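Report on the structure
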Amino acid sequence: MSKQLLVQIIGAPVACPDGVKDTWRQVAGWAAGQLKARFGEAVELRYFDLLDTDCPSMPVGAQLPLVMVNAEVVSSGGKISIPAIRRKIEEIMERQTA
């Protein structure tokens, strides 16, 4: 593999009856651990809050949480899926070695 793949997850705090929760950030942290265990240093995961100044641009019509691997959308809205992220990483790795 020639270079590290970048997984970006964009989310935002969620208002709940119990207060504001940062659930997507927590899930992104868990996902980072899972991906590091599977791919080691070949993958970096970065979480962005929608209001962060360095937050990547979101594609038109995208919903939170937005998950991208090397700027390719994996999912928009719904849940953060480790299997879907893993499949996209493997697809990109395969293309890079072909």
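Parameters and conventions
Residues numbered from 1 in each chain as written. Predicted model: local features only at pLDDT ≥ 70, side-chain atom pairs only at ≥ 80, totals over all residues. Heavy atoms only, no water. Buried < 20%, exposed > 50% of the residue type's maximum accessible area, 1.4 Å probe, protein only. Helix = DSSP H or I, 4+ residues; strand = E, 2+ residues; numbered from the N terminus. Pairing = 2+ DSSP bridges. Contact = heavy atoms within 4.5 Å. Axes fitted to C-alpha atoms, helices over the stretch in contact; angles between N-to-C directions. Core = buried A, V, L, I, M, F, W, Y, C linked by side-chain atoms within 4.5 Å. Salt bridge = Lys/Arg side-chain N within 4 Å of Asp/Glu carboxyl O.

Another point: the pairing of strand 1 (residues 5-11). In terms of burial, strand 1 is largely enclosed, as six of its seven residues are buried. As defined by bridge partners, strand 1 adjoins strand 4 (residues 43-49) across seven bridges and the pair is classed as parallel. Bridging from a neighbouring strand, Gly 11 pairs with Asp 49 of strand 4.

Here Ser 75 is to be found in strand 6 (residues 72-76). Not counting chain neighbours up to four residues away, the residues in contact with Ser 75 comprise Pro 65, Leu 66 and Val 67.

A few words on the sheet that holds strand 4. Taken together, the four strands give an open sheet; going across it, the order is 4-1-5-6, and neighbouring strands pair in mixed fashion. At either end of the open sheet lies a strand with only one pairing partner, and these are strand 4 and strand 6. Averaged over neighbouring strand pairs, the angle between their axes works out to 20° when direction is ignored. Inspection of the sheet shows strand 1 paired to strand 5 (residues 66-69) by four bridges, in the antiparallel sense. When the sheet's bridge partners are listed, Ile 9 is paired in strand 5 with Val 67. Lying on the sheet, helix 1 (residues 23-39) is in contact with strand 1 and strand 4; it crosses strand 4 at an angle near 175°. Here helix 2 (residues 82-97) sits on the sheet and contacts strand 1, strand 4, strand 5 and strand 6; the angle it forms with strand 6, its principal contact strand, is near 170°.

A few words on the nonpolar core. Within the largest apolar cluster, 18 residues are counted, with the highest numbers of intra-cluster contacts made by Val 7, Ile 9, Leu 35, Val 43, Leu 45, Ile 85 and Ile 89. Looking at this core, the elements with two or more residues in it are strand 1, helix 1, strand 4, strand 5 and helix 2. It is helix 2 that contributes the most residues to this core, five residues altogether. Here Ile 89 is in contact with Leu 5, Val 7, Leu 35, Phe 39, Val 43 and Val 69, once residues within four sequence places are set aside. Ranked by size, the runner-up nonpolar core spans five residues in total, among them Ile 10, Cys 55, Leu 66 and Met 68.

Taken as a whole and judged by the stated rule, the model has nine salt bridges. Residues Glu 72 and Lys 88 are paired through a salt bridge, measuring 3.1 Å at the closest nitrogen-oxygen approach. Of this pair, Glu 72 sits in strand 6 while Lys 88 sits in helix 2, and the two are 16 residues apart along the sequence. Note on Glu 72: relative accessible area 26%, which makes it partly exposed. The class of Lys 88 is buried, set by a relative accessible area of 15%. Residues Glu 90 and Arg 86 are paired through a salt bridge, measuring 3.2 Å at the closest nitrogen-oxygen approach. With Glu 90 and Arg 86 both in helix 2, this residue pair falls four residues apart, about one helical turn. Residue classification places Glu 90 among the partly exposed residues on the basis of a relative accessible area of 28%. Counted as one network, the salt bridges with shared partners bring together Glu 72, Lys 88, Glu 91 and Arg 95.

By themselves, these are just geometric observations and shouldn't be taken as functional.
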